[in-house]
Amino acid sequence: MSTRTPRRTRTALAVAAIAGSAALATFPLTTASASEGGVAVQYRTSASGATADQSEPWLKVRNTGATSVALNQVKIRYYFKADSPSATYRFACSWAVKGCSAITGTFGTLANPTATADRYLEIGFTSAAGSLAPGADTGDMQLRFHQANWQTLTQGDDYSFQGAPTSYTDWTKVTAQLAGVNVWGTAPAGNEPTEPPTTPPTTPPTTPPPGGGATLFDDFSYTSHTDPALAAHGWNVRSNSGGPGVPGATWDPSKVTFVSQSGNTVMNLETSSAGTGASTTHTEVLTKASKFRNGTYAARVKFSDAPKYGPDGDRIVQTFFTINDLKVPMADDYAEYDFEYLPNGGWGEPANILYTTSWETYNPDPWQAVNQHSESRTSFAGWHDLVVTIDDSRITYYVDGAVFGTHDAAYLPERPMSINFNQWLIDLNGQTSTTPRAYDQQVDYVLHVKDQVLTPAQVTARLAALRGAGTTFVDEVPAS
């Protein structure tokens, strides 16, 4: 974001927040397909009472097939009944053989609620979890979840709960999907997880994406921030002072550079500090025009967990977002749609977290926010394909081809917006050292297709077609 004050805290963010959290990234198919492999899920719990402070589904995943299975293809669902319609939940991993950092958790709502289930906890894996050889298992995954307000929860009536086992036992009331196909367990009636795979293909599809749709595409093939083509193509490299971020910091255009990686040029945003406002530089690149509204927005962005030099720990924000101006506090025609990655936490969070947030409006002083957000508390260091689609009924965020969050029609934009990338420090409390340090965020490309909702696979195909034709820039989107 580029215009708000740094006063907000994520603990006070949810005037209107979704129950649950976010879905996490999945990755391309790397080993066995669903037709070749299979998995089984074993379960036990260390919280066996009908009520508990938190539910503790401890799980193991075993490869029952004849070929190796990449765990980042596997999704497990544990089904439960919410304690109230408005209850929200938080996931945590206490300990795991594979490492808690390789395990993800998100909450979802069932399309067809039953007497014993209207929500589910979906467990996934990052690529760091590796693969399972035939017959191998993950070992212990000591997982837990609790109500966000830490009120006692009732689990005795939950579909997937069983208090009796004291050792791991095959349990078919927990389901498992492999590459999007259900291969284990039985979901609550009417909720069979039969959706197709959400990961993009490893090569562009042979069928073209839908035609039409005025397009903005930029491959960021520039020489420097002073390259005349950058401004001619509608980009502004920010130099004006002001928020968000550290008071007294500057927005330095010279820290926006373009570097070659494997024959491809990417945009690099560097943010640096030596522990004072005067020594802190932020970076931002944004479209001059605010002419983008409904349709598909996509970018390939590289987030960083650690500085490229100097001590780590700064509360840095790395972003891709669209926004228009807040004309007056709580104006109902304000709009903003964010991907915000905090590698070192901030806004009340202790460690890395990725937010997607859809804004209706806000009041900077006293702080009041009306928005809906999804989040994932895990590392997103490295390159990621980010997509957000906006139509007349919803806003949908994707990370690496998987749905990360879906937000409601109440947060749809009323006015056109600009497209922005920025990197900035929330404050200097996370790292008080006066030793210089710098962080990089990189951007490979940006794509917008006006008034057309594309799937992540169709975005991949559109990108391949543009690059295959030798296109480095096109802007067909009319002025608003």
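Please refer to the structure higher up on the page.
All figures in this text were calculated on a predicted structure; none of them were measured in a lab.

*Asks:* Help me understand the pairing of strand β10 (residues 141-147) in this model?
*Replies:* Regular strands place their side chains on alternate faces of the sheet. The buried fraction of β10 is high, at 6 of 7 residues. As paired elements, strand β3 (residues 57-63) and β10 share 2 bridges and run antiparallel to each other. From the neighbouring strand, Trp-58 faces β10, where its bridge partner is Gln-142. As paired strands, strand β6 (residues 89-96) and β10 are joined by 7 bridges and run antiparallel to one another. Residue Ala-92 lies in a different strand from β10, and its bridge partner there is Arg-144.

*Asks:* Can you walk me through the sheet that holds strand β5 (residues 74-80) in this structure?
*Replies:* In space, the 5 strands of this open sheet follow the order β7-β8-β5-β13-β14, with antiparallel pairing throughout. Only two strands of the sheet have a single partner each, and these edge strands are β7 (103-109) and β14 (181-184). Averaged over neighbouring strand pairs, the angle between their axes works out to 30 degrees when direction is ignored. For β5 and strand β8 (residues 119-125), the ladder comprises 5 bridges, and the chain directions are antiparallel. If you follow Phe-80 over to β8, its bridge partner there is Arg-119.

*Asks:* I keep staring at the nonpolar core and nothing clicks. Help me out?
*Replies:* The nonpolar side chains of soluble globular proteins are, as a tendency, buried together. In terms of nonpolar packing, the biggest core is built from 39 residues, with Phe-220, Trp-235, Met-267, Tyr-297, Phe-320, Ile-395 and Phe-421 touching the most fellow members. Top contributing element to this core by residue count: strand β21 (residues 295-303), with 4 residues. Those residues in contact with Ile-395 that lie beyond four places of it in its chain are Tyr-337, Ser-358, Val-388, Thr-389, Ile-390, Gly-405, Thr-406, His-407, Asp-408, Tyr-411 and Leu-412. Core analysis: the second largest hydrophobic core is formed by 34 residues, Tyr-43, Val-69, Ile-123 and Val-174 among them.

*Asks:* Quick question: what am I supposed to make of unusual backbone geometry here?
*Replies:* With the exception of glycine, most residues fall at negative phi, and the peptide bonds are largely trans. A cis amide bond links Gly-243 with the next residue in sequence, Pro-244, at an omega value of 5 degrees. Topologically, Pro-244 is positioned in the loop between β16 (235-237) and β17 (250-251). Between Asp-365 and the following residue, Pro-366, the backbone shows a cis peptide bond with an omega angle of 0 degrees. Topologically, Pro-366 is positioned in the loop between β24 (353-364) and β25 (367-376). Positive phi is not limited to glycine here, since Trp-150 has a value of about 60 degrees. Looking at the element boundaries, Trp-150 is found in the loop between β10 and β11 (153-154). Of note, the phi angle at Asp-451 is positive, near 60 degrees, even though the residue is not glycine.

*Asks:* It is not clear to me how the pattern of salt bridges should be interpreted in this structure. Could you clarify?
*Replies:* When charged atoms on two side chains of opposite charge get close, those side chains can pair. Counted according to the given criterion, the structure contains 20 salt bridges. With its nearest N and O atoms 2.5 Å apart, the salt bridge here joins Arg-467 to Asp-219. Here Arg-467, found in helix α2 (residues 456-468), pairs with Asp-219, found in the loop between β15 (215-218) and α1 (228-232); they are 248 residues apart in sequence, far enough to count as distant. In this structure Arg-467 comes out as partly exposed when scored by relative accessible area, which is 29%. Accessibility expressed as a relative area gives 7% for Asp-219, which makes it buried. When salt bridges that share partners are traced, they join Lys-255, Glu-270, Lys-308 and Asp-440 into one network.

Definitions and limits used
- Residues numbered from 1 in each chain as written.
- Predicted model: local features only at pLDDT ≥ 70, side-chain atom pairs only at ≥ 80, totals over all residues.
- Heavy atoms only, no water.
- Buried < 20%, exposed > 50% of the residue type's maximum accessible area, 1.4 Å probe, protein only.
- Helix = DSSP H or I, 4+ residues; strand = E, 2+ residues; numbered from the N terminus.
- Pairing = 2+ DSSP bridges.
- Axes fitted to C-alpha atoms, helices over the stretch in contact; angles between N-to-C directions.
- Core = buried A, V, L, I, M, F, W, Y, C linked by side-chain atoms within 4.5 Å.
- Contact = heavy atoms within 4.5 Å.
- Salt bridge = Lys/Arg side-chain N within 4 Å of Asp/Glu carboxyl O.

Fair warning: the whole summary comes from geometry, so function is off the table for now.
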